[in-house]
Amino acid sequence: MTRTVLTVDDSRTMRDMLRMALAGAGFNVVEAVDGEHGLEVLSAHRPDVIITDINMPKLDGFGFIEAVRVDDDYRAIPILVLTTESDPSKKQRAREAGATGWIVKPFNPEKLVEAIRRVAA
Amino acid sequence: MDELEAIKVTFFQECEELLADLEGGLLAMQDGNDDGDTVNAVFRAVHSIKGGAGAFGLEPLVRFAHVFETLLDALRSNEIPGTPDLTALLLRASDVLADHVSAARGLGVVDMDVSAAMAAELKIATDPNAAPAAPAPVAAAPVDAAPQYVDAAPIVIGADDALDDDDLGFDFQPMTITLDAQAADAAVLDGNVWTVSIRPKSDLYRKANETALLLRELSRLGPIQATLDDSALPALEFIDPEAAYVTWSVRLETDQGEEAIREVFEFVDGDCELEITRGEAPAADVLASLLDVAAPAPELAPAAIEAPVEAPVVAAAPAPEPAAPAPVSAPAPAPVAANAPAAPAAKPAQIDVPGPGQSVIRVDPERIDRLIDLVGELVINQAMLAQRVGEYGIAPSSNLAMGLDELEQLTREIQDSVMAIRAQPVKSVFQRMPRLVREVANMTGKQARLVMDGENTEVDKTVIERLSDPITHMLRNAIDHGLESPEERKAAGKNPEGVVRLAALHRSGRIVIEVQDDGKGINRERVHSIAVKKGLISPDLQLTDEEIDNLIFLPGFSTADKISDVSGRGVGMDVVKRSVQALGGRISIASRPGQGSTFTLSLPLTLAVLDGMVVDVAGETLVIPLACIVESLRPKAEEIRPLGPVGSVLAVRDSFVPLIDVGLTLNYRDRSPAATEGVVLLVEGEDGSRAALVADAIHGQRQVVIKSLEQNYQQVEGVAAATILGDGRVALILDVDAVINLRRRGPPLPSDPTLIAAE
């Protein structure tokens, strides 16, 4: 069964990078450009895993994760946040919001797929 | 890795947009609009550039962006106050960032001294006390604050499925899960056996982590035996479905070290109590130690029954490991990659972030160019067909003629649509200008503010690419030569900050770019004397103000007292004028002493097609751009008046316009026939001046495909380009303004007394 991964990032470059890595590993990829959009796509596609950026317009990653976690339909979906090495405080905040795990940018494709495997049932 | 290269192209395109956003946001801040959204957007722009750059390993760019981002982060979290000085610093930093982006792209180099100095400035602005210590991260509330449900009662399964099964709590038996049948047989090498005890907290499940997955991960390191202790599980009525109650003890055989085992639990760090010990732990001991922590007196016996069961949870243990992403082209709908690192062909102005539903197709610009060429051929072909049909004398009401009309209609629509694909707002050029203005102002010690207008005016890509140089030149000129120094301005009672206005608009089928300054205007006396000194004009030539102004376009003219860094170096306005003319464009200047100057540049909207009027002049077929034509008329003799020795004017309603014989101007003939015998086309030049062009006959309107004369032959004064007509003949396209100007300068002394001798 092909797993669906939702990627939420306002940067086209980052979305393309994620898509390349994930599609290459056999995942079905759906994309959203910010947290608000992410919530819409979420209900349309019911992804198995979500990967989200933190800094985004409209609804940022923290808000997005919190919104997913309070929704009974989606709260069991694993969420990986994209974070940077230099930002431990952001990682902490994302975890408090309910992030399942994280991916350090810049990521390498194997690490990314590995992280998904770790959290995906 | 083509796909990666394509993403890199995307990245640099995105960088352009982000840099524009950055600059736009900073300029908004400069104008006092520094609300949180603006600052956040500015931060995100730099952050995204850094993120992408990191992905491509563009180190210098990442480093600079990081310093920049740190300052912006401090600003947006109100750690440092926003001030005009800070905004000015940020603007300069954005310029350096843009340099880094260009350098990363392979266009130009970064002055590392400038970059380092800027980085240092940014650091000081971030933390004026500038101990070079690492900035302490804002203390976050400790994550693993005491879990609320720790000493409540257990439930086994993570989060969701739990509640569905009412009798789950009753039937659950402690059991051992053997993940590898061979585990039991394996010779136990003491050094390779680990005991891992896991006691999840409810937070682990709240974050959608899952114990079963942790066990699965452990099993990837080697054979495991997991023992579940549910002794802390309370009676059903006391169970909190959201809480975690059970403890797992796992015997793991692996040749990997503790590090690898810890890594499995990286994501649940703090969300479970984890103990990793080397060696076999007697089950009882483990349980005992755990029981110390757990709630006492469980109703169910904590006996760990050795019942090797293949737990369904773990059935999927050899996880479907997705193949490592090879550099294979993805099966996903990857965007059509543009090969050339050129700008996207049709860049939607607003939609820069297509969602999954609405996708933007990126197309190789060459494909569009090819399409446009083909449509051009189609137009010519269609015209030929129409002409042939006409020659056969087929009635316009016949089916054939009507079908042809429809074909013409369709051809036009196709052409318009194709041209629209390539049309782009001039924004892409305009957005580079604020930086230029800042730099030039800095260099020349002027204070200048750039006001832009009409950035969304669309024009064909072929034209856009050629706009940048002339605009750059005109702006430099406006600041360097146009604006006065702040002191001079104050003395003249003006605001010390000069305003330079850059505007784009459509006017009569062309795009017009205006560069206007509120400086001192052209010093006509000086211009005149310089032109005389340089031998460009004869001293006794009487010139109008306008003509003097236009002397600055003469080759070899430069008014700067000293060759400045900015607009000197011998590249004068004449170069601009020539490059503009080569595009079928024109440039003119209007100036008012003390109030400033306006440069007006006009170019065709496209360099591909043109609507024209086909006329006959002295046996030659010419095309006059329809955009210039106001009306056509047959003059009566009494409407024509002589003016001076050679000229004549035509009375059109209540004004007089100069009468110009095209044949004479282009040297097709040396004597003009009487204007009354021909047809007169009233045309309007770029500057609004009118003239009446005399032709012998009119053939009608036609859309023609422009073929460059310069590329195929050479530039000819008075001729803008050439085209191929329906019958296959080549016709020249008239450059109306040039013809008017040729006439103004006066034709080489005419041999015939007057144009309108025939009365």
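Placed above this text is the structure.
Rules behind the numbers
- Along each chain, residue indices are assigned from 1 in the same order as the chain's sequence is written.
- Labels are handed out in written order, letters beginning with A for the chains and numbers beginning with 1 for the ligands.
- Local features in this predicted model are restricted to residues of pLDDT 70 or higher, and side-chain atom pairs are both shown and tallied only at a pLDDT of 80 or more, whereas totals for entire chains, interfaces and linings draw on every residue.
- The side-chain numbers reported here are obtained from all heavy atoms of the structure, hydrogens and water having been left aside.
- The criterion for an aromatic pair is that two Phe, Tyr or Trp rings (for Trp, the six-membered ring) have centres within 6.5 Å, with stacked assigned to planes under 30 degrees apart, edge-to-face to planes over 60 apart and tilted to the rest.
- Labels follow the DSSP assignment, with helices taken as runs of H or I lasting at least four residues and strands as runs of E lasting at least two, numbered in each case from the N terminus.
- For the exposure calls, accessible area comes from a 1.4 Å probe over protein chains only, and a residue counts as buried if that area is under 20% of its type's maximum, exposed if over 50%, partly exposed in between.
- Two conditions define a charge sitting above a ring: the NZ of Lys or the CZ of Arg must be within 6 Å of the ring centre, and it must be within 35 degrees of the ring normal.
- Whether two strands pair depends on DSSP finding at least two bridges between them.
- All axes here are fitted lines through C-alpha atoms, helices being fitted over the stretch that makes contact, and every angle between N-to-C directions spans 0 to 180 degrees.
- Here, two residues are considered to be in contact whenever any of their heavy atoms come within 4.5 Å of each other.
- Throughout this description, a polar contact denotes any pair of N or O atoms lying within 3.5 Å of each other; where both atoms belong to protein, one of them has to be capable of donating a hydrogen while the other can accept it, and for residues adjacent in sequence the pair is counted only when both atoms sit in side chains.
- Convention used here: angles under 35 degrees read as roughly parallel, angles over 145 as roughly antiparallel, angles from 65 to 115 as roughly perpendicular, and any remaining angle as oblique.
- Here a crossing is called left-handed whenever its near helix is offset anticlockwise from the far helix by less than a right angle, and right-handed whenever the offset is clockwise.
- Just so you know the grouping, Ala, Val, Leu, Ile, Met, Phe, Trp, Tyr, Cys and Pro go in nonpolar, Asp, Glu, Lys and Arg go in charged, and all remaining residues, Gly too, go in polar.

Draft legend 1. The packing of aromatic side chains, seen in detail. Evaluation of the coordinates by the stated rule reveals 5 aromatic pairs over all chains. Ring centres 6.3 Å apart and planes at 65 degrees place the aromatic pair B:Phe64 and B:Phe68 in the edge-to-face group. With B:Phe64 and B:Phe68 both in helix H3 (residues 59–76), this residue pair falls 4 residues apart, about one helical turn. Of the residues examined, B:Phe64 reaches a relative accessible area of 3% and is grouped as buried. We classify B:Phe68 as buried; its relative accessible area is 0%. Here the aromatic residues B:Phe11, B:Phe12 and B:Phe56 are joined through ring pairs into a cluster of three or more. Cation over ring: A:Arg93 sits above A:Phe62, and NZ or CZ is 3.9 Å from the ring centre.

Draft legend 2. Expanded view of the environment of B:Pro223. Of note, B:Pro223 is situated in the loop between helix H8 (211–221) and strand S3 (224–229). In this structure, the C-alpha to C-alpha distance between B:Pro223 and B:Val250, residues 27 residues apart in sequence, is 10.0 Å.

Draft legend 3. View of the sheet that holds strand S19 (residues 679–684) of chain B. Residues and elements named next belong to chain B. Within the open sheet, the 6 strands sit side by side as S15-S19-S20-S18-S17-S16. Their pairing is mixed. The open sheet has two edge strands, strand S15 (629–633) and strand S16 (640–643), and neither has a second partner. Adjacent strand axes in the sheet meet at a mean angle of 35 degrees when their direction is disregarded. With 6 bridges joining them, S19 and strand S20 (residues 690–695) adopt antiparallel strand pairing. Bridged to Val 680 within S20 is Val 694.

Draft legend 4. Quick peek at the sheet that holds strand S12 (residues 596–604) of chain B. All names here are of chain B. One open sheet accounts for 5 strands, arranged S7-S9-S10-S12-S11; its pairing is mixed. Sheet topology places strand S7 (448–453) and strand S11 (586–592) at the edges, where each strand pairs with a single neighbour. Neighbour to neighbour, the strand axes of the sheet diverge by 15 degrees on average, direction disregarded. Note: S7 against strand S9 (residues 498–507), 6 bridges, orientation parallel. From the neighbouring strand, Ala 448 faces S9, where its bridge partner is Gly 498. In the packing of helix H14 (residues 433–444) onto the sheet, contacts are made with S7 and S9, and the angle to S7 comes to roughly 160 degrees.

Draft legend 5. Up close: the environment of B:Asn209. As for its position among the elements, B:Asn209 is in the loop between helix H7 (202–206) and H8. Considering only alpha carbons, one finds B:Asn209 and B:Val268, 59 residues apart in sequence, at a separation of 7.3 Å. The residues touching B:Asn209, leaving out its near neighbours within four places in the chain, are A:Thr100, A:Val119, B:Leu204, B:Phe267 and B:Val268. At 3.0 Å, the side chain of B:Asn209 forms a polar contact with the backbone oxygen of A:Thr100.

Draft legend 6. How the structure looks around the packing of helix H3 (residues 61–69) of chain A against helix H4 (residues 88–97) of chain A. All names here are of chain A. Relative orientation of the contacting elements H3 and H4 amounts to 20 degrees, with a least axis distance of 8 Å. By the angle class used here, H3 and H4 are roughly parallel. The handedness of the crossing between H3 and H4 comes out as right-handed. The residues of H4 that touch H3, namely those facing Phe 62, Ile 65, Glu 66 and Arg 69, are Lys 90, Arg 93, Ala 94 and Ala 97. Residue composition of the contact of H3 with H4, grouped by class: 4 nonpolar, no polar and 4 charged.

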